[in-house]
Amino acid sequence: MVTNDDLAELMDTSHDWIVQRTGIHERRWVDPETSTSDLGLEAANAAIADAGIDPSEIDMIVFATLSPDHEFPGAACFLQAKLDLPGIPAMDVRQQCTGFVYALSTADAMIRAGNADTVLVVGAEVHSKGLDQTTAGRDVTVLFGDGAGALVVQSTEVGDARHDAHVWDTRLHADGSFAEALWLPAPGMAYERFISEEHFEEGLNYPQMDGRTVFVNAVKRMPETVEEILSENGVTTDDIDLFVFHQANMRIIESVAHRLGIPEEKVVNTIDHTANTTAATLPICLDEARDRGKLEPGMLVVGAAFGSGFTWGSMLLRW
Ligand code: COA
C-alpha cells in the first residue's frame, strides 16, 4: 500500500492536494518481482473458484491491459501458460481504461457467434514500475495504482432479458484524434529506432497527459454512453440497481453521477484506496460491490469507462 504521504516523500506533492483534486488516499504498488500476468493469474484463479468451474472448461482468454509483461507476445499468452491451458485462443485488448468493456464485449460477441462457451476476461495493470516517481511526473503518477480483476463469462439461454443473468449489451467508442492527450510516447515504431537515448532524455518513456482535456471529455462521454445503452435497450436509470464508473478521479465520477441524476447509494467507488487501475477498474468495482452487499443476483448493472485513445464505452449486465 502506498499512501499520499509516501508519494510526498518521493516528489513535491501533498496528501491534501491529491485528495482535493482526485479523492485518492492510497493505492497499491506491486513488489518488484510481480508482473501484470502474475496479478492477472491471481484474479483469474479467484474468478474460476468463484464461478465453480473447472479451468479446463475455459475455451478463450481475453486480457485487457495497457501494461503487458512484454511488448510481445501479449499478457494473455503468459497468463495462459501459467494457467496451463495450451491450445485455446488467448488475446490482449489494448484499450487502456476502456479495456475491460472492450474485452467483455469481445467475449460476449465470441459467445453469441458460437465460437466460445466459457471465456475468461481479465483486466490487470502494473503501472507503478512505469511511472515517473519524481516531481516531473507528479501530475500522472499520483493518479494510478496496480490491480487486477477477472470475470468468467459463459454461454447461456436467455429467455427474458429482463430477468435472466447475462451480458445484455455493450457499446464501444473511440476518437483517435485525441490519441496524444493521454499516451506513452516511447518506445515505439514511430521513431527511427524503437528505443533510443533521446526517449529517456526527453522523458518520453513516461505517460504524458493533458489532464484538463481528459477531464472535460470524460465527464461528457461517460454519461453519453450510459444514456445510449439504456435508451437502446428500453431501460431507464431508475431500473438500474448499480452503477460502476471508471475510477479515474472522484470529481469526474461525481460529475457523471450528477449529469445522470442518480442517487449516491447506487454507485460503488473504490478510488480512495485503489486509485486508477485502468483496465482492472470495473471488475474490481464489481467485486467490491458484491463484498459490500451492493451487488446480488438478479440486479441490473450498468458500467461505463473512458480513457486513453480516447476510448469509451458501456456495459449493461443482468447479474
Ligand atoms: N501535487 C501537487 N501539485 C500538482 C500535482 C501534484 N501531484 N500535479 C500537478 N500539480 C500542480 C500543477 O503543476 C499546477 O501548478 P501550476 O498552477 O503552478 O502550474 C497546479 O497543480 C494545478 O494544476 P491543474 O492542472 O490546474 O490541476 P487540476 O485541477 O486540473 O487537476 C488533474 C489536475 C490531473 C487532477 C485533473 O486535470 C484531472 O483529474 N484530469 C483527468 C485525469 C485523468 O482522469 N486521467 C486518467 C483518465 S483515464
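Fair warning: this is a prediction, and the values are worked out from it, not measured in the lab.

Cut-offs used in this document
Sequence order as written defines residue numbering, which begins from 1 separately in each chain. Restriction of local features to residues with pLDDT of at least 70 applies here, the model being predicted, together with a cutoff of 80 or more for giving and counting side-chain atom pairs; totals for whole chains, interfaces and linings are based on all residues. Side-chain numbers come from the whole structure's heavy atoms, not from hydrogens or water. Strands are labelled as partners when DSSP assigns at least two bridges between them. The helix count covers DSSP runs of H or I at least four residues long, the strand count covers runs of E at least two residues long, and both are numbered beginning at the N terminus. With axes taken as lines fitted to C-alpha atoms, and helix axes fitted only over the stretch in contact, angles between N-to-C directions fall between 0 and 180 degrees. Only buried Ala, Val, Leu, Ile, Met, Phe, Trp, Tyr and Cys residues count toward a nonpolar core, and they belong to the same one when joined by side-chain atoms within 4.5 Å. Between buried and exposed lies partly exposed: a residue is buried under 20% and exposed over 50% of the maximum accessible area for its type, with that area taken using a 1.4 Å probe on protein chains only. Just so you know, the domain bounds were taken from an automatic or database domain assignment. Contacts are residue-level and defined by heavy atoms, with any inter-residue pair within 4.5 Å sufficient. Any residue with relative accessible area above 30% and no salt bridge may belong to a patch, with like charges joined within 9 Å and the nonpolar Val, Leu, Ile, Met, Phe, Trp and Tyr side chains within 5 Å. In short, Shrake-Rupley with a 1.4 Å probe defines the accessible areas, and a residue's cover is counted only from the protein chains shown. Within this document, salt bridges are pairs made up of a side-chain nitrogen of Lys or Arg and a carboxyl oxygen of Asp or Glu, the two lying within 4 Å of each other. Within this scheme the basic residues Lys and Arg register as positive and the acidic residues Asp and Glu register as negative, but His and the chain ends are omitted. Positions of charges follow a simple convention, taking NZ of Lys, CZ of Arg, CG of Asp or CD of Glu. Helix span is expected to be 1.5 Å times the residue number reduced by one. Note that the arc is defined by the directions from the helix axis to the C-beta atoms.

J.: Please set out the sheet that holds strand β11 (residues 300-307) residue by residue, giving values where relevant.
T.: Reading across the sheet, the four strands line up as β7-β12-β11-β10 and stay open at both edges, with mixed pairing between neighbours. Looking at the sheet topology across the chains shown, the edges are occupied by β7 (166-174) and β10 (242-245). Across the sheet, the mean angle separating the axes of adjacent strands is 10° when strand polarity is ignored. In this sheet, strand β12 (residues 311-318) lies alongside β7 in antiparallel orientation, the contact comprising eight bridges.

J.: Hey, could you go over the nonpolar core for me, with residue numbers and the actual values?
T.: Counting 42 residues, the largest nonpolar core has Leu230, Ile240, Phe245, Val302 and Leu316 as its most contacted members. Of all the secondary structure elements, the ones that give two or more residues to this core are α8 (211-232), β10, α9 (250-260), β11 and β12. In terms of residues, this core owes the most to one element, α8, which gives seven residues. Shared between two domains, this core takes at least three residues from each, and those domains are domain 1 (2-154) and domain 2 (166-318). Leaving out residues up to four positions away in the same chain, valine 302 has contacts with Val226, Ile229, Leu230, Ile240, Leu242, Phe243, Val244, Met315 and Leu316. Judged by nonpolar contacts, the second largest core, of 31 residues, contains Tyr102, Val167, Ala279 and Met299.

J.: Lay out the sheet that holds strand β5 (residues 118-125) with the relevant residues and their values.
T.: The mixed open sheet is built from four strands, whose spatial order is β4-β3-β5-β6. Strands with a single pairing partner mark the edges of an open sheet, and in this sheet they are β4 (90-93) and β6 (147-154). Within the sheet, the average angular offset between the axes of one strand and its neighbour, ignoring direction, is 20°. The pairing of β5 with β6 spans eight bridges and is antiparallel.

J.: I'd like to hear about a negative patch on the surface, residue by residue, with values.
T.: Negative charge collects at one region of the surface, where Glu192, Glu197, Glu198, Glu201 and Glu202 lie side by side. For glutamate 198, the position within the fold is in helix α7 (residues 197-201). Residue class for glutamate 198 comes out partly exposed when judged on its relative accessible area of 44%.

J.: Describe in detail helix α3 (residues 36-51), supporting the description with residues and values.
T.: With 16 residues, α3 should cover 22 Å at 1.5 Å per step; its first-to-last C-alpha distance of 22 Å lies within 8% of that length. Residues of α3 that are buried: Thr36, Ser37, Leu39, Gly40, Ala43, Ala44, Ala47 and Ile48. Down the axis of α3, the buried set is contained in an arc of 165°. They therefore lie on one face. In α3, the exposed positions that point more than 90 degrees away from the buried face belong to Glu42 and Ala49. Contacts from the buried residues of α3 go to β3 (60-64), α4 (75-83), β5 and β6. Just downstream of α3, glycine 52 is the residue with a positive phi angle, here 70°.

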